[in-house]
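Topology and contacts: notes
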Amino acid sequence: MSNHLMNTYARQPVSFVKGQGALLHDKDGKHYLDAISGIAVCSLGHAHPAISEAICEQSQTLIHTSNLYQIDKQQQLADKLCALSGMQQAFFCNSGAEANETAIKIARKYANQKGISNPKIIVMENSFHGRTLATLSATGNAKVHEGFFPLVQGFVRVPFDNVEAIKTLENDADIVAILVEPVQGEGGVHVPKAGYLTALREICDRNNWLLMLDEIQAGVGRTGKWFAFQHETIKPDVMSLAKALGNGVPIGASLVSGAAAGILVPGNHGTTFGGNPLACAAALAVINTLEVHNYVEHVAIKGQQLLNKFKDALAGTDNVVDIRGKGYMIGIQLKQPCGELVAKALARGVLINVTRGDTIRLLPTFVMTQEQTETLVTVVAELVKEFAQTNA
Ligand SMILES: Cc1ncc(COP(=O)(O)O)c(C=O)c1O
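Residues numbered from 1 in each chain as written. Predicted model: local features only at pLDDT ≥ 70, side-chain atom pairs only at ≥ 80, totals over all residues. Heavy atoms only, no water.

- Per an unreviewed UniProt entry, the recorded name for the chain is Acetylornithine aminotransferase, and the organism is Thiosulfatimonas sediminis.
- In its Sequence similarities (unreviewed entry) section, the UniProt entry covering the chain states "Belongs to the class-III pyridoxal-phosphate-dependent aminotransferase family. ArgD subfamily." (UniProt positions renumbered as here; feature names shortened; annotations may be inferred.)

What follows is the structure in structure tokens.
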């Protein structure tokens, strides 16, 4: 192992040399079922021919020109994302944190226009929004803050899925926006009660606040809708996307609508790489592939089935606190910290993740076959049961 990498990750002792569909292969030829998709990125699996072809073709034509010029593919991608979401405009960047930074800047500029000099954004406990200074400050996890004080000011924190807590802030004239994940991912896969986003929309409308949804993990089909807010009949003012949008080619997007549209003007914001022809060609191919194969509907149906399979397989296992999720975003919460299960699953050829210490998080690829689904359920259920016995 190189000593020249910064020590920022606790990595598993495996390196993959190639992938195909829902499988990854290591140097020794062992294959692994990928049930984490590069943390909700490679939804279409690995080496998907349509994505590879789009990347190859674009790289042989034009990779980058900069935002000093018109970029046709960027305009096509903005049109497509707006058509799918009902949003009005898009700004393209390179990661989730950057998409959320854009959202936070939009909220600040919106406040500025209203003459509010110390604006506040309501954010949630247990949330995750990224690792830049503003996005880590918005994040509701003390471990992410540790060592980086002073944090960026202007965030007010309330419990997730608690409308009443937000209502108590309605008379604070400095509040300008709510930033929330429609399903919390890193925080342990928490799906709010039906009607939560609708209630937040109403509160935002009543107070002229922006409703800003972080769909970086939950968006682009992952929950069985193109965007998780579409499980309700509302529309946000700002939506952040990244992760699955490029199936591994880095791209983020900030989409705006209503009061948030038109806030950023030349000179306010920018990025060198954001929305370059290569990234946009990949994202267009991702969306086209999702559409052509009806993957979003597939995830809605298969996700519910997968959740039920886990509930059946783990029924009566007494260290299971909860099995929850939406689409292909599933959390199995145990009574004890269970980080050791990641290495145990790896040894059995399955890639899983544990988040918040006690929750197995599964974010499978949309291309996982029925047989692979059975393998996933069998291996994870066995691991959880063995773990229950050794921790009884
Ligand atoms: C909900 C959410 N927001 C933001 C981010 C940050 O995205 P990135 O790592 O691309 O900066 C993540 C990453 O896990 C995320 O899950």
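**Some words on the overall build of the chain**
- Broken down by element type, the chain carries 12 helices and 15 strands.
- Relative to its length of 392 residues, the chain is compact, with a C-alpha radius of gyration of 21 Å against a globular reference of 21 Å.
- Across its three principal directions, the C-alpha atoms of the chain cover 60 × 55 × 45 Å.
- In the chain, which comprises 392 residues, the proportion classed as buried is 54%.
- The averaged location of the 35 negative side-chain charges in the chain is 2 Å from the averaged location of its 33 positive side-chain charges. (Helix = DSSP H or I, 4+ residues; strand = E, 2+ residues; numbered from the N terminus. Rg over C-alpha atoms; globule rule 2.2 N^0.38 Å. Buried < 20%, exposed > 50% of the residue type's maximum accessible area, 1.4 Å probe, protein only. Lys, Arg positive; Asp, Glu negative; His and termini not counted. Charge placed at Lys NZ, Arg CZ, Asp CG, Glu CD.)

**Structural notes on the UniProt feature "binding site: pyridoxal 5'-phosphate" (unreviewed entry) in the chain**
- With numbering matched to this structure, UniProt assigns "binding site: pyridoxal 5'-phosphate" (unreviewed entry) to Gly96, Ala97, Phe128, Asp214, Glu215, Ile216, Gln217 and Thr272. A stretch of 177 residues holds the annotated residues, and the largest C-alpha distance among them is 25.4 Å, long enough that they do not meet in one place.
- Mapping Gly96 onto the fold places it in helix α4 (residues 96–113).
- Contact partners of Gly96, with chain neighbours within four places excluded, come to Ile216 and Ala242.
- Following the sequence through the fold, Ala97 ends up in helix α4. (Contact = heavy atoms within 4.5 Å.)

**Notes on the site of the ligand**
- The environment of the ligand is made up of 13 residues, and the closest members are Gly96, Ala97, Asp214, Gln217 and Lys243.
- Taking Phe128, its main chain carries an N or O atom lying 3.4 Å from a nitrogen atom of the ligand.
- Here Asp214 contributes a side-chain N or O atom positioned 2.7 Å from a nitrogen atom of the ligand.
- Against a free-state accessible area of 390 Å², the protein chains account for coverage of 81% of the ligand.
- When grouped by side-chain class, the residues that make up the shell around the ligand number three nonpolar, six polar and four charged. (Near = heavy atom within 4 Å. Polar contact = N/O pair within 3.5 Å; in protein donor to acceptor, adjacent residues only side chain to side chain. Areas by Shrake-Rupley, 256 points an atom, 1.4 Å probe, with all protein chains shown as cover. Nonpolar A, V, L, I, M, F, W, Y, C, P; charged D, E, K, R; others polar.)

**Thoughts on the sheet that holds strand β12 (residues 329–334)**
- With respect to topology, four strands assemble into an open sheet ordered β11-β12-β15-β14, the strand pairing being antiparallel. What marks the edges here is a single partner per strand, and that holds for β11 (320–326) and β14 (353–355). Between one strand and the next, the sheet's axes are offset by a mean angle of 25 degrees, whatever the strand orientation.
- In terms of strand pairing, β12 meets strand β15 (residues 359–362) through four bridges, oriented antiparallel. Bridge assignment links Gln333 to a residue of β15, and that residue is Thr359. (Pairing = 2+ DSSP bridges. Axes fitted to C-alpha atoms, helices over the stretch in contact; angles between N-to-C directions.)

**Examining the pattern of salt bridges**
- Evaluated as defined, the whole model comprises 13 salt bridges.
- Connected via shared salt-bridge partners are Arg201, Asp205 and Asp237. (Salt bridge = Lys/Arg side-chain N within 4 Å of Asp/Glu carboxyl O.)

**A look at the sheet that holds strand β13 (residues 350–351)**
- Pairing is mixed in the open sheet, where four strands are placed in the order β1-β2-β3-β13. This sheet does not close on itself; its edge strands, each paired only once, are β1 (16–20) and β13.
- Contacts from helix α12 (residues 370–390) reach β2 (23–26), β3 (31–34) and β13 within the one sheet, and its direction differs from that of β3 by about 90 degrees.

**Quick word on the packing of helix α10 (residues 295–313) against α12**
- Where α10 contacts α12, the two axes come as close as 10 Å, and the packing angle between them is 35 degrees. The element α10 and its partner α12 pack so that their crossing is right-handed. Between α10 and α12, the contacting residues are Lys302, Leu306, Lys309, Phe310 and Ala313 on the first element and Gln370, Thr373, Glu374, Leu376, Val377, Val380, Ala381 and Lys385 on the second. (Left-handed = near helix turned anticlockwise from the far one by under 90°.)

**As for the packing of helix α3 (residues 72–85) against helix α9 (residues 277–292)**
- The interhelical angle for the contact between α3 and α9, taken along N-to-C directions, is 35 degrees, at an axis separation of 9 Å. Crossing angle aside, the handedness with which α3 passes α9 is left-handed. Along its contact with α3, which presents Lys73, Gln74, Gln76, Leu77, Lys80, Leu81 and Leu84, the element α9 presents Pro277, Cys280, Ala281, Ala283, Leu284, Ile287 and Glu291.
- Residue composition of the contact of α3 with α9, grouped by class: nine nonpolar, two polar and three charged.

**A closer look at the nonpolar core**
- Among the nonpolar cores identified, the biggest contains 89 residues, and Leu81, Ile178, Val180, Phe310, Ile332, Ile360 and Leu376 are the most heavily contacted of them.
- Broken down by element, the residue count for this core peaks at nine residues, all from α9.
- Of the residues that make up this core, three or more belong to each of domain 1 (16–34 + 294–390) and domain 2 (50–292).
- The contact partners of Ile360, leaving out residues within four places of it in the chain, are Ile330, Gly331, Ile332, Leu334, Cys338, Leu341, Ile352, Asn353, Val354, Val380 and Val384.
- In terms of nonpolar packing, the next biggest core, distinct from the first, is built from 21 residues, Ala111, Ile116, Ile121 and Met212 among them. (Core = buried A, V, L, I, M, F, W, Y, C linked by side-chain atoms within 4.5 Å. Domains from an automatic or database assignment.)

**A few points about the side chain of Ser37**
- The residue Ser37 is located in helix α1 (residues 37–40) in this model.
- For Ser37, the residues in contact, after removing those within four places along its chain, are Cys42, Arg222, Leu363, Pro364 and Thr365.

**What about the environment of Lys80?**
- The topology assignment puts Lys80 in helix α3.
- C-alpha of Lys80 to C-alpha of Leu284: the two residues are 204 residues apart in sequence and 8.1 Å apart in space.
- Setting aside anything within four residues of it in sequence, one finds Lys80 in contact with Ile287 and Glu291.
- Only 3.1 Å separates the side chain of Lys80 from the side chain of Glu291, close enough to count as a polar contact.

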